[in-house]
Amino acid sequence: MKIQDVPKQAFNAEPTPIPMKSVPDWDALYSVLMDEAFIVLEADKFRVTRHGVQEAVNVKNFNNYVRITKRRQLLTKRISDTRWVCVLS
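Residues numbered from 1 in each chain as written. Predicted model: local features only at pLDDT ≥ 70, side-chain atom pairs only at ≥ 80, totals over all residues. Heavy atoms only, no water.

Colleague: What am I meant to see in the pairing of strand 1 (residues 39-42) here?
Modeller: For a regular strand, the rule is simple: side chains alternate between the two faces of the sheet. In strand 1, alternate side chains face the same way, and those of Ile-39 and Leu-41 are buried while those of Val-40 and Glu-42 on the opposite face are not. Pairing of strand 1 with strand 5 (residues 83-88), which is carried by four bridges, proceeds in the antiparallel orientation. Considered in strand 5, the bridge of Val-40 is made with Val-85. (Buried < 20%, exposed > 50% of the residue type's maximum accessible area, 1.4 Å probe, protein only. Helix = DSSP H or I, 4+ residues; strand = E, 2+ residues; numbered from the N terminus. Pairing = 2+ DSSP bridges.)

Here it is in structure tokens:
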């Protein structure tokens, strides 16, 4: 690209913010679970499975992390519309 190819507005424009994505630290949450014996998770995103069941994305992801990575069984129970309690078996 040559300098004459740059749009004139680019010289005075504000910089474009770079989109950032935050990722949950499941290992830190697992450590809290080990210390406290249980945790309560608040659901912020829901999805509907192909069977029509509503599930919380973050609870499902943490459950998968514990079962696959840590090779432990995680028991979860819904205690309100948006809250789940998680316990290791």
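Don't stop here, the text continues.
Colleague: Before we go on, may I ask you to explain the packing of helix 1 (residues 26-36) against helix 2 (residues 57-68) in this structure?
Modeller: The description of two packed helices rests on the angle between their axes and on the distance between the axes. Contact pair helix 1 / helix 2: the axes reach a minimum separation of 11 Å and the direction vectors enclose 80 degrees. For the element pair helix 1 / helix 2, the angle class is roughly perpendicular. Two secondary-structure elements touch here, helix 1 through Trp-26, Asp-27, Leu-29, Tyr-30 and Leu-33 and helix 2 through Asn-58, Asn-61, Phe-62, Tyr-65 and Val-66. Class assignment of the residues belonging to the contact of helix 1 with helix 2 gives a composition of seven nonpolar, two polar and one charged. (Axes fitted to C-alpha atoms, helices over the stretch in contact; angles between N-to-C directions. Parallel < 35°, antiparallel > 145°, perpendicular 65-115°, else oblique. Contact = heavy atoms within 4.5 Å. Nonpolar A, V, L, I, M, F, W, Y, C, P; charged D, E, K, R; others polar.)

Colleague: In this structure, what is going on with unusual backbone geometry? I would like to understand it.
Modeller: Generally, phi is negative for residues other than glycine and the peptide bonds are trans, each holding for most cases. Positive phi values are uncommon outside glycine, yet Ala-37 reaches one of about 80 degrees. Positionally, Ala-37 belongs in the loop between helix 1 and strand 1. For Arg-71, which is not a glycine, the phi torsion comes out positive at approximately 55 degrees. Considering the arrangement of structural elements, one finds Arg-71 in the loop between helix 2 and strand 4 (74-78). Using a relative accessible area of 70% as the deciding quantity, one classes Arg-71 as exposed.

Colleague: Sorry, what's going on with the pattern of salt bridges here?
Modeller: Any two side chains of opposite charge can pair, so long as their charged atoms come close to each other. Applying the stated criterion across every chain yields a total of three salt bridges. Two residues, Lys-70 and Asp-27, come together in a salt bridge whose shortest N-O distance is 3.2 Å. Here Lys-70 is found in the loop between helix 2 and strand 4, whereas its partner Asp-27 is found in helix 1, with 43 residues between them in sequence. On the accessibility criterion, Asp-27 (38% relative accessible area) is partly exposed. (Salt bridge = Lys/Arg side-chain N within 4 Å of Asp/Glu carboxyl O.)

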